[in-house]
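Listed here are the chains, written in short residue letters.
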Amino acid sequence: MKEFETLLTEQRGAVMLITLNRPQALNALNSTVMRELSEALRTCDADDGVGSIVLAGSEKAFAAGADIKEMQPVTFVDAYLGDFLGGWEAIAATRKPIVAAVSGYALGGGCELAMICDFIIASETAKFGQPEITLGIIPGMGGSQRLTRAVGKAKAMDMVLTGRMMDAAEAERAGLVARIVPPERLLDEALEAAGKIASYSRAAVMMAKEAVGRSDELTLAEGLRYERRLFHSLFATEDQKEGMAAFVEKRKAQFRNR
Ligand SMILES: CC(C)=CC(=O)SCCNC(=O)CCNC(=O)[C@H](O)C(C)(C)COP(=O)(O)OP(=O)(O)OC[C@H]1O[C@@H](n2cnc3c(N)ncnc32)[C@H](O)[C@@H]1OP(=O)(O)O
């Protein structure tokens, strides 16, 4: 992976660890972060040696939101013609699973970026919020939609309209966060989860991500049909034969991503 200005990347086995690295601005998400993260994730998708991704920030901030200093001079015409923040949807199109490791602030675009990931492992110190209303705007990277799907309308309205933060415990109870761990365990826990994902059949993992992801968009009947078609197709893989043979033979499966 090439060197980036705003990201650190490090491959750990089949897991790519991507760390947001703008400590002076609490990892505020500017256009360079968006461009570089998009490139890094595209590279991961194209690399057979990468099975999953961990996205982390710093101890104090996963990301404190879109970069307010960059946004301040933007006009409506700039925003509309340039599809301002539209690039984050390309990041959501990443096909390999992404685990967000969230410590400290995940606010505005930071919360939205964590929700673009497939699931969130949070440190006990994590704080989630959509404070855009305090700046005279609303969420623009998916917060009104993904947060509502994750925590329900009541809590999403509360957070989006008042700008209040949720701590890690509330976020876990509400369904925003998959697991909470002590701060010193955060990275190891996220890397272990991502390592386990990367050890499974690549096709099964990517189809699992795709199927769960579609549940936001499809009716139940459409989603069930979609899942069944993907499920059927996995019986064409060598990995399905290997996975089931290994179970019957009481040994560990050796998936070859075939
Ligand atoms: C996606 C869309 C559509 C919108 C958004 O995301 S809008 C942004 C939403 N986020 C926020 O409103 C949070 C803004 N930040 C804060 O409220 C505070 O920084 C804090 C509560 C997260 C932390 O406060 P603390 O006192 O501990 O730290 P600061 O001195 O305030 O920050 C340190 C340093 O980082 C700069 N910073 C922080 N957040 C941003 C940001 N979102 N954009 C640009 N810069 C940010 C902050 O200005 C300061 O730098 P300077 O000392 O150079 O001013």
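The structure this text deals with has already been given above.
Now for a description of the structure that goes with this document. (Residues numbered from 1 in each chain as written. Predicted model: local features only at pLDDT ≥ 70, side-chain atom pairs only at ≥ 80, totals over all residues. Heavy atoms only, no water.)

## Digging into the pattern of salt bridges
Counted by the stated rule, this structure contains 17 salt bridges. Salt-bridge contacts for Glu-89 lead to Arg-146; the nearest nitrogen and oxygen are separated by 3.3 Å. One end of the pair, Glu-89, is in helix α4 (residues 87-92); the other, Arg-146, is in helix α6 (residues 143-151), with 57 residues separating them in the sequence. Here Arg-146 falls in the partly exposed class, since its relative accessible area comes to 22%. Salt-bridge contacts for Arg-214 lead to Glu-217; the nearest nitrogen and oxygen are separated by 3.1 Å. (Salt bridge = Lys/Arg side-chain N within 4 Å of Asp/Glu carboxyl O. Helix = DSSP H or I, 4+ residues; strand = E, 2+ residues; numbered from the N terminus. Buried < 20%, exposed > 50% of the residue type's maximum accessible area, 1.4 Å probe, protein only.)

## Some details on helix α9 (residues 186-199)
The end-to-end C-alpha separation of α9 is 20 Å, in line with the 20 Å expected for 14 residues at 1.5 Å each. Every buried residue belonging to α9 is among Leu-186, Glu-189, Ala-190, Leu-191, Ala-193, Ala-194, Ile-197 and Ala-198, and all of these are buried. (Expected span 1.5 Å × (residues − 1).)

## A short note on the site of the ligand
Residues in contact with the ligand amount to 25 residues; listed here are only the nearest, Lys-60, Ala-64, Ala-66, Ile-68 and Gly-109. Here an oxygen atom of the ligand and a backbone polar atom of Ala-66 are 2.8 Å apart. At 3.1 Å from an oxygen atom of the ligand is found a side-chain nitrogen or oxygen belonging to Lys-69. Here the ligand loses 66% of its free accessible area of 990 Å² to cover by the protein chains. Those elements giving two or more residues to the shell around the ligand turn out to be α2 (68-71), β6 (105-107) and α5 (109-116). Examining the composition of the shell around the ligand, we find that three residues originate from one element, α2, more than from any other. Residue composition of the shell around the ligand, grouped by class: 15 nonpolar, five polar and five charged. (Near = heavy atom within 4 Å. Polar contact = N/O pair within 3.5 Å; in protein donor to acceptor, adjacent residues only side chain to side chain. Areas by Shrake-Rupley, 256 points an atom, 1.4 Å probe, with all protein chains shown as cover. Nonpolar A, V, L, I, M, F, W, Y, C, P; charged D, E, K, R; others polar.)

## Considerations on the nonpolar core
The biggest cluster of nonpolar side chains holds 46 residues, and the ones touching the most others in it are Ile-18, Trp-88 and Phe-128. Element by element, the count of residues in this core is highest for helix α1 (residues 31-46), at six residues. Core analysis: the second largest hydrophobic core is formed by 16 residues, Val-15, Val-99, Ile-121 and Ala-198 among them. (Core = buried A, V, L, I, M, F, W, Y, C linked by side-chain atoms within 4.5 Å.)

## Quick word on the sheet that holds strand β10 (residues 179-181)
Taken in spatial order, the six strands line up as β1-β2-β3-β5-β7-β10 in an open sheet, and their pairing is mixed. Strand pairing shows two members of the sheet lacking a second neighbour, β1 (7-12) and β10, which therefore form its edges. Direction aside, the axes of adjacent strands within the sheet are offset by 20° on average. Bridge analysis of β1 against strand β2 (residues 15-20) gives six bridges, and the strand direction is antiparallel. (Pairing = 2+ DSSP bridges. Axes fitted to C-alpha atoms, helices over the stretch in contact; angles between N-to-C directions.)

## Here's the deal with the packing of aromatic side chains
Within this structure, the stated rule accounts for two aromatic pairs. Ring geometry for Phe-76 and Tyr-80: centres 5.7 Å apart, planes at 20°, overall stacked. Of this pair, Phe-76 and Tyr-80 both sit in helix α3 (residues 76-81), four residues apart, which is roughly one turn of that helix. Across the pair, Tyr-80 and Phe-76 agree in class, each one exposed. With a centroid separation of 5.2 Å and 80° between ring planes, the pair formed by Phe-231 and Phe-235 is classed as edge-to-face. Taking the relative accessible area as the measure of exposure, Phe-235 reaches 36% and is therefore partly exposed. Taking NZ or CZ as reference, Arg-214 lies 4.5 Å from the ring centre of Tyr-226, over its face. (Phe/Tyr/Trp six-rings, centres within 6.5 Å; stacked < 30°, edge-to-face > 60°. Lys NZ or Arg CZ within 6 Å of the ring centre and 35° of its normal.)

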